[in-house]
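Letter by letter, the chains look like this.
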Amino acid sequence: MYKAGIDVGSTTVKVVVFDQDYHLIFSRYERHFSDVKAATIKVIQEAISEIGNQEVSIAITGSGGMGLSDAAEIPFVQEVIAATTTVEKFIPQTDVVIELGGEDAKMTFFGDALEQRMNGTCAGGTGAFIDQMAELLKTDANGVNELAKEYETIYPIASRCGVFAKTDVQPLINEGARKEDIAASILQAVVNQTIAGLASGRKITGNIAFLGGPLFFMSELRQRFIETLDIKSENVIFPENPQLFVAMGAALDENQSQLKLSQIIDNLNNNSSDSLVPKSTLDVLFKDQDELDTWRQRHNEASAQYKDISTASGPVFLGIDAGSTTSKVILTDPNGNILFKHYGNNLGQPLENIIAILKQVYQELPSTAFIANSCVTGYGEHLIKAALRVDNGEVETVAHFKAANYFNPGVDFILDIGGQDMKAMSVQDGALSSIQLNEACSSGCGSFIETFAKSLKYDVKDFAKVALLAKHPVDLGSKCTVFMNSKVKQVQKEGATVADISAGLSYSVIKNALYKVIKVKRPEDLGQKIVVQGGTFYNEAVLRAFELVSGREVVRPNIAGLMGAYGCALIAQEKYEDHAQPSKLMQLEELTDFKSEKEFTRCGLCENNCALTVTIFNDGSKFVTGNRCERGAEKVTKIKFDRSKQKENLVDYKYKKLFKFKALSKRDAKHGVMGIPRVLNLYENYPLWHTILTDLGFRVQISPKSDKKLYQKGIETIPSDTVCYPAKMVHGHIQALIDKR
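These numbers come from a predicted model, not from an experiment. (Residues numbered from 1 in each chain as written. Predicted model: local features only at pLDDT ≥ 70, side-chain atom pairs only at ≥ 80, totals over all residues. Heavy atoms only, no water.)

Caption draft 1: Geometry of the overall build of the protein chain. Within the protein chain one finds 28 helices and 24 strands. Here the protein chain has a C-alpha radius of gyration of 30 Å; the compact-globule value for 741 residues is 27 Å, and the two agree. Projecting the C-alpha coordinates of the protein chain onto the three principal axes gives extents of approximately 90 × 90 × 50 Å. Taken over 741 residues, the protein chain has a buried fraction of 53%. Considering only contacts within the protein chain whose residues lie at least 6 apart along the sequence, 69% involve residues at least 24 apart. Taking the average place of the 82 positive charges on the side chains of the protein chain and the average place of its 90 negative ones, the gap between the two points comes to 8 Å. (Helix = DSSP H or I, 4+ residues; strand = E, 2+ residues; numbered from the N terminus. Rg over C-alpha atoms; globule rule 2.2 N^0.38 Å. Buried < 20%, exposed > 50% of the residue type's maximum accessible area, 1.4 Å probe, protein only. Contact = heavy atoms within 4.5 Å. Lys, Arg positive; Asp, Glu negative; His and termini not counted. Charge placed at Lys NZ, Arg CZ, Asp CG, Glu CD.)

Okay, here's the thing in structure tokens:
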């Protein structure tokens, strides 16, 4: 009898069939795009067409196999055990297995005692992580692999969370870093996460096998592992069909049932159990279409007024919001009517994108009108202002407040949810009284919904639309984005529809904003006049979820994603009316002749050795980014900054005071050398320990200053990925001292 195995992973379905002599006679590796049941049926139908409707001895495994196991009436085997079974049969010389899947990472140590390790609910540093990063580079996982072949520099990129990684990658793209270098850096981040998260202090040595889809399809990912772990070529095991090893393990398992392939399809099609039904659901967003129509009518009342730009005359005002990934531009007349608007992706080139938009504005603006004043805000504020001579710059929060107060005079609370950031602003007596940001974590922001929509092959607008009348919105909680991603995968396996998931994600975005960022206890704490804005609130499901969770009716302007630019236009108008100075903004002729080029250099004036991106304009002026202090800009621009009022650098002062002590010479060190890692309390108390040990006759050897290389030196010995970064850093310092013996 043939032996078969099914592996239902977080992103793919794998099916294998062996004959009696364990020759592989059928195999498939297919993405399921979250429709696990349909993808499995499709692959089994292909098996029937190739090898006939055979009776097989079969088992099922994988992170998505549990629910399918009950529905198909097939025994389930845990995936780490399945992979281990295959390794022991086909590559018994293996000492360590490193396996990466769509959202799973596993490491198995063979030897006297078998030790199996697997990532928990976090999917950082897996195949799904690479897919997310590939979208930022406008390619796919294979494209990332091809780019990485030509890399020159590795940048530090967070891999614990996809959103953190975006925050690292997007500035690199905007600053013009080579895509080849970014691609290799992404793969290196995966390697670091896998080693730090799963090795847990155990050395990865001996014969090392690479398994799983990402490691099968991506040669450069394997190469990054080989170089990081310093594996000799004779110790690298890359078997045939490594992406199918888990499915093979299910086929080799002893606990199997005997079924015809057609019977498996019938079991899945006719399943009446609740094994593929979501377990935890929330209230529907709208009961019916009538309730949705009434709700839309109320929100349409907060609408900006538009006027044809060809009818404009006299002064007009320009507002620019140069975000990290998008460019927003608005042109208004003195009455606040919108003459021109633009909202679009900047394609990693914020300056060039704004120039193209301004050219369009000038071409459409009639000769009877002129741009009287301009204002810019956002991520690219300083670059755009320096390059194009924009009249004013303003911080984002003030620009957003100006716009919110225009649409809802007397506003006392503003919630802005963008692609990767979230701002909650409280207003008192007409001025901002407190501002809360999501700081490092971007869980529940718009980029997560967008990324997930793309992973399901949905346009983000269609993804939002299907949520409105979902029958069973799933409860996804308000966890970190990657945890939530894993939760989404779980409810898919329980049978949740795309509509149910989209509605559940909308609830999660709002719960995260209210409970994690604002930490609200009662809806009354939010205020009476609430404005919600940011591109995420174009998603009607998110807007409705906010009203349901908070129990308040809110104002969402129809230009929710353009509020920063609109606020800038209002500020430009205010400043013009106060001073009536002519605008310094570049004219069309100047924009046409405008050129800029980027150069990359290192500062080299201190141990930080900042990577500088120098934008050189055609008039010879320069703009520097990447510098942590003014010295880098001084070096490049040759412009001296006034330091007459500069305060003492207390960090540098303290450092010099702490570590000014000289060690005994080797001749005077009667008791040998004592190593001290430059970390934690030993850092703060170094003068004490140096003095004591020196008086006792020891030569004190201190570890080097912390840097990325030092961190990576100790990465293999870190026992738990959950410890804080300073604690992880300790391992590198101790390893450096050991190496100096």
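Following the structure, the description resumes.
Caption draft 2: Main features of the domain arrangement of the protein chain. Here the protein chain is partitioned into domain 1 (2-77 + 253-271), domain 2 (96-237), domain 3 (312-408 + 564-591), domain 4 (430-554), domain 5 (595-645) and domain 6 (651-739). On a C-alpha basis, the centroid separation for the pair domain 1 and domain 5 is 59 Å. (Domains from an automatic or database assignment.)

Caption draft 3: Molecular detail of the packing of helix α3 (residues 79-90) against helix α10 (residues 245-252). Running from N to C, α3 and α10 cross one another at 85°; their axes reach a closest spacing of 7 Å. Classified by the angle between their axes, α3 and α10 sit roughly perpendicular to one another. Facing E79, A82, A83, T85, T86, V87, K89 and F90 of α3, the residues of α10 in contact are F245, V246, M248, G249, A250 and L252. Class assignment of the residues belonging to the contact of α3 with α10 gives a composition of nine nonpolar, three polar and two charged. (Axes fitted to C-alpha atoms, helices over the stretch in contact; angles between N-to-C directions. Parallel < 35°, antiparallel > 145°, perpendicular 65-115°, else oblique. Nonpolar A, V, L, I, M, F, W, Y, C, P; charged D, E, K, R; others polar.)

Caption draft 4: Main features of the pattern of salt bridges. If you walk through the whole model with that rule in mind, you get 28 salt bridges. For E115, the salt bridge goes to R202, with nearest N and O atoms at 2.4 Å. On the criterion of sequence distance, the pair formed by E115 in strand β7 (residues 115-118) and R202 in the loop between α7 (179-199) and β8 (208-211) is long-range, its members being 87 residues apart. The partner of E684 in a salt bridge is K654, with the nearest N and O atoms 3.0 Å apart. With a gap of 30 residues between them, E684 in helix α25 (residues 680-684) and K654 in helix α24 (residues 650-658) connect regions that are remote in the sequence. On the basis of relative accessible area, E684 is assigned to the partly exposed category, the value being 40%. (Salt bridge = Lys/Arg side-chain N within 4 Å of Asp/Glu carboxyl O.)

Caption draft 5: Structural view of the packing of aromatic side chains. Evaluation of the coordinates by the stated rule reveals 19 aromatic pairs. A centroid spacing of 6.3 Å and a plane angle of 85° characterise the contact between F537 and F546, whose relative ring orientation is edge-to-face. Both residues of the pair, F537 and F546, count as buried. Taking 6.4 Å as the distance between ring centres and 65° as the angle between the ring planes, the aromatic pair formed by F661 and Y686 counts as edge-to-face. Of this pair, F661 sits in the loop between α24 and β23 (673-676) while Y686 sits in helix α26 (residues 686-695), and the two are 25 residues apart along the sequence. Taken together, the ring pairs connect Y655, F659, F661, Y683 and Y686 into an aromatic cluster. We note R678 situated over the ring of F659; from NZ or CZ to the ring centre the distance is 4.6 Å. If you follow K705 out to its NZ or CZ, it ends over the ring of Y655, 4.3 Å from the centre. (Phe/Tyr/Trp six-rings, centres within 6.5 Å; stacked < 30°, edge-to-face > 60°. Lys NZ or Arg CZ within 6 Å of the ring centre and 35° of its normal.)

Caption draft 6: Layout of the packing of helix α12 (residues 289-299) against helix α20 (residues 540-550). Their axes nearest at 12 Å, the elements α12 and α20 cross at an angle of 90°. By the angle class used here, α12 and α20 are roughly perpendicular. Touching E291, W295, R296, R298 and H299 of α12 are E540, L543, R544 and E547, all from α20. Classifying every residue of the contact of α12 with α20 by side-chain character gives two nonpolar, one polar and six charged.

Caption draft 7: Representation of the environment of Q305 in the model. On the secondary structure map, Q305 appears in the loop between α12 and β11 (314-322). In sequence terms Q305 and L339 are 34 residues apart; their C-alpha atoms lie 9.1 Å from each other. Beyond its immediate chain neighbours, meaning those up to four positions away, Q305 contacts G336, N337 and I338.

Caption draft 8: Focus on the sheet that holds strand β10 (residues 257-260). Pairing is mixed across the open sheet formed by five strands, whose spatial order is β3-β2-β1-β4-β10. The outermost strands of the open sheet, each flanked by one partner alone, are β3 (24-31) and β10. Between one strand axis and the next, the sheet turns by 25° as a mean value, whatever way the strands run. In terms of strand pairing, strand β2 (residues 12-18) meets β3 through seven bridges, oriented antiparallel. Bridge assignment links V13 to a residue of β3, and that residue is E30. Helix α2 (residues 65-72) contacts β1 (2-8), β4 (55-61) and β10 of the sheet and is inclined by roughly 145° relative to β4. (Pairing = 2+ DSSP bridges.)

Caption draft 9: The arrangement of helix α28 (residues 725-739) in detail. Look at α28: 22 Å from first C-alpha to last across 15 residues, which is about the 21 Å you get at 1.5 Å a residue. Listed in full, the buried residues belonging to α28 are K728, M729, V730, G732, H733, Q735, A736 and L737. On its buried face, α28 is in contact with β23, α25, β24 (699-702) and α27 (708-713). (Expected span 1.5 Å × (residues − 1).)

Caption draft 10: Quick look at empty space enclosed by the protein. All told, the structure shown has four cavities of 30 Å³ or more when counted by the stated rule. Computed from the structure, the second largest cavity encloses a volume of approximately 40 Å³. What lines the second largest cavity is A4, I6, V15, V17, I44, A47, I58, L261 and I264. For the lining of the second largest cavity, the secondary-structure elements that each account for two or more residues are β1, β2, α1 (36-51) and α11 (261-269). Its residues placed into classes, the lining of the second largest cavity shows nine nonpolar, no polar and no charged. (1 Å grid on protein atoms, 1.4 Å probe; cavity = no way out; pocket = protein on both sides within 12 Å on 5 of 7 lines; lining within 4 Å. Points joined across faces, edges and corners; volume = space filled by probe spheres on them.)

Caption draft 11: Quick peek at unusual backbone geometry. In this model, N241 sits at a positive phi of 55°, which is unusual for a non-glycine residue. Along the chain, N241 turns up in the loop between β9 (236-237) and α10. Phi at L680 is positive, roughly 50°, even though this residue is not glycine. Structurally, the position occupied by L680 is in helix α25.

Caption draft 12: Region of interest: α7. Taking 1.5 Å per residue as the helical rise, α7 with its 21 residues ought to reach 30 Å, and the 30 Å between its terminal C-alpha atoms agrees with that figure. Burial of α7 is extensive: 18 of the 21 residues sit out of reach of the surface. Backbone geometry just downstream of α7 places S200 in the positive-phi region, at approximately 50°.

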